Each structure stands twice: as C-alpha cells, then as structure tokens.
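# Structural characterization, general
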Amino acid sequence: MVSLWSRKQDTPDGGDQPNREDDERQSSQHYRDRDRDRDPDERTRLLPREHTGYLNPDDPAVSPYNLWSIRALRGLSSLFLAISFIWWTFLLVSIFVSPPMMHTRGSGFFAFSYTTLTVGYLVTGLMFFVVPSKPMTIWGVVLAVFLLVDMCIILGVPRIRVEEGWVGIASVVWATLISFYNILQNYFVAWGKREEEERLTGREETRRSLREWLAVLVQTVVMAILGILVILFTATLILRARDASLPAPGKQYYVNSNNYRVHLACVGNITGDKIDGTASSRRRPTVLLEGGEEPIEHTLQPFIDAAYKNGTIDRYCYWDRPGLGWSDNAPSPYSAGMAADALSEALALAGEEGPWVIASAGMGGIYSRIFASRHLLEIEGLLLIDTLHEDYLDKVGSPGWGFLLWLRGVLSPLGLDRLAGAIFKGRTREDRVYGRSAYQTGRFIKAKLQESLVAGSMTASEVQTARHVQIADTPLVVVSSGVEVRKSKKWAKTQEDLTTVTKNLQDWDVVQGAPHEVWKTLAGRTILERRLRQLVKGHK
C-alpha cells in the first residue's frame with residue numbers, strides 16, 4: 001500500500017493520467033478479490049468488504065476501534081474504572097463508618113485521595129481514548145515515577161505502613177499500576193490509530209483537526225494538574241516520614257481489641273501522705289490531664305510540668321486522644337465515651353491505678369467528666385479549666401462544621417499548609433506532630449470530624465448520663481476565663497452551671513484578663529497552681 005501511495009504521489013500533474021487510473025482500478029480489484037477470498041478479521045470486520053481505493057482521512061471508518069484489540073483495551077479500562085469507583089465508594093463510607101476489616105490507624109483520607117486520583121486518571125484516559133498524544137505520555141511517565149516513589153515510602157517507613165495498613169498500601173499500589181497501564185494504553189492506541197490510517201488512507205495522518213487540538217489541550221491541562229497533585233502527595237509523604245522519626249515520651253498501648261494505639265505518659269513517683277510522722281497507706285492522687293481542642297503537649301502539659309517541677313504536685317499522667325499527638329486514629333463512629341474507655345484500658349495496661357485528680361481544659365472537660373463517672377471511687381477531685389459545657393455540643397456537631405472538616409481532610413494529603421510551613425516558616429516535626437501545626441495533619445482532622453459527627457447524639461447522651469451518675473461529694477474546682485465570660489453571656493451562664501456538676505464545689509474562680517487558655521497569664525497560673533495543690537494535698 002505504501003508503494004502504491006508513493007507511485008501516485010510521484011506521478012507528474014497532467015502526465016500519464018490513464019496509467020494512474022488503470023493502476024487504481026487494478027488496486028481496487030486486487031483488494032476486492034483479496035477480501036472476498038479470506039475470512040473477516042479485526043481489520044475488515046467493521047468495514048464494507050466491497051470498497052474502492054483509499055478512504056478520506058476524516059472518514060469515521062478510519063478509527064483504531066476497527067481493531068478488536070483496541071476495543072478490548074477500552075473495555076479493560078472501563079472495568080478498571082468500575083473497580084476503582086467501587087473502591088472509592090467504600091473508602092468514602094469508611095471515613096464516616098468503618099466497615100469490618102477496613103479500619104486504618106491513619107486518617108483514611110490518604111487512601112481516599114489516591115483512589116480519587118486513580119479514578120480521575122482513568123476517566124481522563126477514557127475521555128481521550130482515541131486522541132493519544134505525546135504530552136499525555138510524558139505526564140503519564142511523571143505520574144508513574146512519583147507514584148512509584150510514594151509506594152516505596154509507604155512500604156519502607158514502618159510508622160506510615162502501620163498507620164495506613166493494607167487499605168492505604170493497596171490504594172497506592174493500585175494507583176501506581178494504573179499509571180503504568182495508562183502509558184501502555186496511550187502507546188497501543190497510537191499504534192492502532194497509525195496502523196488503520198496507513199491501511200485505509202495509504203499513509204499515517206500527521207495533521208490534526210481543530211477538535212483534536214482542543215482535545216490535546218484539555219488532556220494536557222488535566223494531566224498537568226494530576227501530575228502536580230502527585231508531586232504534592234510525594235512531598236507530603238516525605239514530611240510524614242520525617243515526622244515519624246520523632247520519638248514519643250511514655251509508651252503507646254494497643255486498645256479496643258488491638259485496633260489502634262494510644263499514647264500515655266506518666267511523670268513523677270508515687271507518694272503517700274504521713275499521719276503523725278508515720279507513712280500512711282493512702283496514696284496521694286495523681287493528676288490526670290485531659291487536653292482541650294489541641295494536643296495536650298502543646299497546651300496544658302507544659303504548665304502542669306512546671307507545676308510538678310516546682311513541687312505543687314507530686315505526679316501526673318497525660319495521654320493523647322485518638323488522632324492527636326502520637327495516638328492512632330480510632331474506627332468511626334467514635335464518641336467521648338469510647339475515648340474514656342480507651343483511656344481506662346491504657347491506664348490498666350500501664351499499671352496505673354489512681355486515685356486521680358482530673359484536670360481538663362476546653363473540650364477535654366466533656367471527656368474528663370465521662371471518665372470520672374466511670375471511675376467513681378478512684379476520683380478525688382475535678383479541676384475544670386474553662387471547659388466546654390454540653391450546651392455547646394450542637395455547635396461542635398453542626399453539619400456545616402462537619403462538612404468543612406471533611407473537605408479539609410480530603411485536601412490534607414496535598415499538604416499545602418504543611419509544606420508552606422516547613423519551607424517558608426521553618427516549622428519542625430515537633431510543630432507538626434503535637435505543636436502549632438498539628439491541626440493541619442490528616443489524623444487530627446479525622447479526630448475532629450469524628451468528634452463532630454457524634455457530638456450532638458452519642459457524646460451528648462454520654463455526658464448527660466455522667467452528670468446523673470457522678471458522686472455528689474466529689475471535690476470540684478471551676479476556673480473560668482474572664483475574657484470569655486465577659487464576651488458571652490451564654491458562656492458565663494454555662495460556666496456557672498458547671499459549678500453544679502457535683503455538690504462539693506471548692507471554688508469558682510473567674511480570672512480577669514485571662515484568655516481561654518487560662519494558664520497563659522501569670523494570674524491564671526497562680527490560681528491554677530493553688531487549686532491543684534488544694535485538690536492533691538488537701539490544703540490551700
């Protein structure tokens with residue numbers, strides 16, 4: 001066919017015209033005779049068997065779909081898309097309710113984002129299936145290389161491998177395989193297109209129509225976006241690998257049938273009171289800390305540690321709720337009562353028996369009150385530091401706030417804020433694990449989403465029950481922020497209501513000029529140390 005085309009092209013205009021027409025007639029007769037004598041194959045099955053000469057390059061019959069192998073390839077791509085979409089749906093549901101065997105100790109947003117990328121890549125490949133282009137191949141190679149790096153990181157870093165589990169690993173491996181498959185798909189479709197053009201038009205078509213150029217432009221833009229997303233995924237994974245090297249104080253304990261680990265640390269030695277110069281069998285209570293809206297190592301724990309070092313208290317323990325600090329994420333749904341049970345299990349595994357004076361701040365007040373109601377005989381005091389009242393749980397569980405958390409979680413694997421903080425603001429791994437940048441991590445966002453999803457239902461019911469169950473003579477101290485009380489009448493009213501959690505209110509202090517984190521002012525620290533000493537040692 002190529003030699004025939006060359007001969008037609010080399011014939012001078014106006015010269016030997018009868019010979020050229022004779023050649024074309026002979027060629028057409030040759031193809032008719034050949035096609036009549038043989039069975040249809042993938043090249044002739046979709047075309048009329050009686051055809052004359054070459055087709056116009058714009059003829060719809062000139063298509064790689066004439067080849068059954070190309071049609072089979074498209075069918076395979078459609079199958080991969082269906083599988084990926086089903087997996088994407090399962091991962092979306094697992095963010096809100098963890099199906100059996102699909103819980104990951106990480107946020108779940110990691111696997112969801114990679115699967116979303118896979119679905120987008122397959123959809124792009126199918127949309128532009130018959131318009132293969134060099135830019136698509138180049139960007140496909142970029143995606144494949146970076147996804148291969150991601151796969152190596154998740155398999156090579158133990159902390160990330162354990163956090164993401166088989167769900168995260170499978171999602172990254174699948175995305176990597178699809179990236180290589182799409183490169184091959186682009187190559188074979190280009191081959192099939194070239195073969196059909198040479199067979200049906202006599203030569204490979206090098207020009208493109210306006211519609212094809214627009215398709216190439218769109219696919220290039222889409223592939224560039226996917227490539228940038230993968231690069232950001234890789235950079236964020238590198239930061240996570242760096243953060244995983246930060247050792248945790250204390251220990252991590254498997255809880256809830258070994259589904260996840262929580263971090264618990266205790267500082268100081270167990271001491272006892274003396275009566276008439278002799279050692280008493282009564283142990284002094286250990287201060288048990290419950291953090292607020294942020295990891296406790298960045299908020300309440302440094303103040304309590306200072307109080308320990310200056311002798312105000314003898315011993316304290318603190319923990320990270322699931323998803324915060326060094327603790328894994330828990331299965332969804334997850335309520336404050338479930339967190340209290342996890343803390344109880346971790347304390348038992350650590351051999352910690354109390355008695356306890358519980359100090360909590362912010363949202364931690366809800367968790368600490370539920371824990372106290374489940375350990376009635378072990379609690380010797382409650383210190384509520386500008387804690388959240390149950391009347392605010394509806395706000396915590398508002399649909400708008402929940403949707404915003406979900407959206408932040410979906411975007412968290414890109415690490416835009418974490419990368420900017422590390423590059424331009426010098427944020428360290430301590431900042432990202434438990435410090436001022438901890439709120440940017442997927443695990444933290446997942447924990448807040450879980451908190452929001454059940455705040456107005458399960459958690460509200462649990463804290464109401466705790467209020468009814470709590471022993472009336474448990475010593476209680478409430479310390480409130482003067483700034484917050486002055487700012488909101490509702491906050492002032494709910495702080496006053498917290499003084500009735502038990503019937504043994506020791507003091508209610510409103511620290512003028514102190515913010516929500518009361519210990520950040522000198523007056524706040526002074527009052528808090530005095531109240532801690534009062535609860536732990538029994539004197540002011």
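Before going into details, it helps to say that this report is about the structure given with it. (Residues numbered from 1 in each chain as written. Predicted model: local features only at pLDDT ≥ 70, side-chain atom pairs only at ≥ 80, totals over all residues. Heavy atoms only, no water.)

This next bit is on the overall build of the protein chain. Regarding its fold elements, the protein chain presents 18 helices and 10 strands. Here the protein chain holds 540 residues, and the buried ones make up 52% of them. Contacts in the protein chain between residues far apart in sequence, at least 24 positions, make up 78% of those at least 6 positions apart. (Helix = DSSP H or I, 4+ residues; strand = E, 2+ residues; numbered from the N terminus. Buried < 20%, exposed > 50% of the residue type's maximum accessible area, 1.4 Å probe, protein only. Contact = heavy atoms within 4.5 Å.)

Before going further, it helps to spend a moment on the packing of aromatic side chains. Tallied over the full model, the rule gives 14 aromatic pairs. Taken together, a centroid distance of 5.3 Å and an interplanar angle of 35 degrees make the contact between W326 and Y434 tilted. You can see W326 sitting in the loop between strand 6 (315-320) and helix 9 (336-350) and its partner Y434 sitting in the loop between helix 14 (429-433) and helix 15 (442-469), a full 108 residues away along the chain. A residue is classified by how much of its surface remains accessible, and W326, at 6% relative accessible area, is buried. (Phe/Tyr/Trp six-rings, centres within 6.5 Å; stacked < 30°, edge-to-face > 60°.)

Here the focus is the state of the cysteines. Applying the stated criterion across every chain, the model contains one disulfide. A sulfur-sulfur separation of 2.0 Å characterises the disulfide bridge that pairs C266 with C317. The sign of the 110 degrees torsion about the S-S bond sets the C266-C317 disulfide as right-handed. Taken as a pair, C266 in strand 2 (residues 260-268) and C317 in strand 6 lie far apart in primary sequence, 51 residues in all. (Disulfide = S-S within 2.5 Å.)

We now examine the packing of helix 8 (residues 300-309) against helix 18 (residues 522-537). What describes two packed helices is the angle between their axes and the distance between those same axes. Relative orientation of the contacting elements helix 8 and helix 18 amounts to 60 degrees, with a least axis distance of 11 Å. Here helix 8 lies oblique to helix 18, going by the angle between them. Considering how the two elements wind past one another, helix 8 and helix 18 form a crossing that is right-handed. Across the interface between the two elements, F303, I304 and A307 of helix 8 pack against R525, L528, E529 and L532 of helix 18. (Axes fitted to C-alpha atoms, helices over the stretch in contact; angles between N-to-C directions. Parallel < 35°, antiparallel > 145°, perpendicular 65-115°, else oblique. Left-handed = near helix turned anticlockwise from the far one by under 90°.)

Attention shifts here to helix 9. Here helix 9 contains 15 residues, and its C-alpha end-to-end distance of 21 Å stays within 8% of the 21 Å for a straight helix at 1.5 Å per residue. Every buried residue belonging to helix 9 is among A336, G337, A339, A340, A342, L343, S344, A346 and L347, and all of these are buried. Of the residues flanking the end of helix 9, it is G351, one or two places downstream, whose phi is positive at about 75 degrees. (Expected span 1.5 Å × (residues − 1).)

Looking now at unusual backbone geometry. Phi is mostly negative for residues that are not glycine, and the peptide bonds are mostly trans. Each neighbour pair has its own omega, and for S332 with P333 the value is -5 degrees, a cis peptide bond. The residue P333 is located in the loop between strand 6 and helix 9 in this model. The backbone of M101 sits at a positive phi, close to 70 degrees, despite the residue not being glycine. Tracing the chain through its elements places M101 in the loop between helix 3 (68-96) and helix 4 (109-127). Judged by its relative accessible area of 71%, M101 is exposed. Despite not being glycine, N258 shows a phi value in the positive range, around 65 degrees. With respect to the secondary-structure elements, N258 resides in the loop between strand 1 (251-255) and strand 2. Take N258: its relative accessible area is 55%, and that puts it in the exposed class.

We now examine the nonpolar core. Core analysis: the biggest nonpolar cluster contains 42 residues, and L288, W356, I358 and F371 have the highest contact counts within it. If you tally residues by element for this core, the top one is helix 9, at seven residues. What W356 contacts, discounting residues up to four positions off in sequence, is P285, T286, L288, C317, L347, F371, E378, I379, E380 and G381. Within the second largest apolar cluster, 26 residues are counted, among which are L289, Y318, A359 and L528. (Core = buried A, V, L, I, M, F, W, Y, C linked by side-chain atoms within 4.5 Å.)

This part covers the sheet that holds strand 9 (residues 475-481). A sheet is described by the order of its strands in space; here eight strands give the open sequence 1-2-6-5-7-8-9-10, paired in mixed fashion. Looking at strand neighbours, the two that pair on one side only are strand 1 and strand 10 (504-511), the edges of this open sheet. On average, adjacent strands in this sheet sit at an angle of 20 degrees to one another, irrespective of strand direction. As paired elements, strand 2 and strand 6 share six bridges and run antiparallel to each other. The partner of C266 across the bridge, within strand 6, is C317. Of the strands in this sheet, strand 1, strand 2, strand 5 (286-290), strand 6 and strand 7 (356-361) touch helix 9, which is tilted by about 120 degrees from strand 1. Where helix 10 (residues 364-373) meets the sheet, its contacts fall on strand 5, strand 7 and strand 8 (379-385), and the angle it forms with strand 7 comes to roughly 155 degrees. (Pairing = 2+ DSSP bridges.)

Let us now look at the pattern of salt bridges. Scanning the entire structure with this criterion turns up 23 salt bridges. With a shortest N-O distance of 3.6 Å, E163 and R443 are connected by a salt bridge. With E163 in helix 6 (residues 158-201) and R443 in helix 15, this pair connects stretches of sequence that are 280 residues apart. Through salt bridges that share partners, R159, E163, E164, R240 and R443 make up one connected network. (Salt bridge = Lys/Arg side-chain N within 4 Å of Asp/Glu carboxyl O.)

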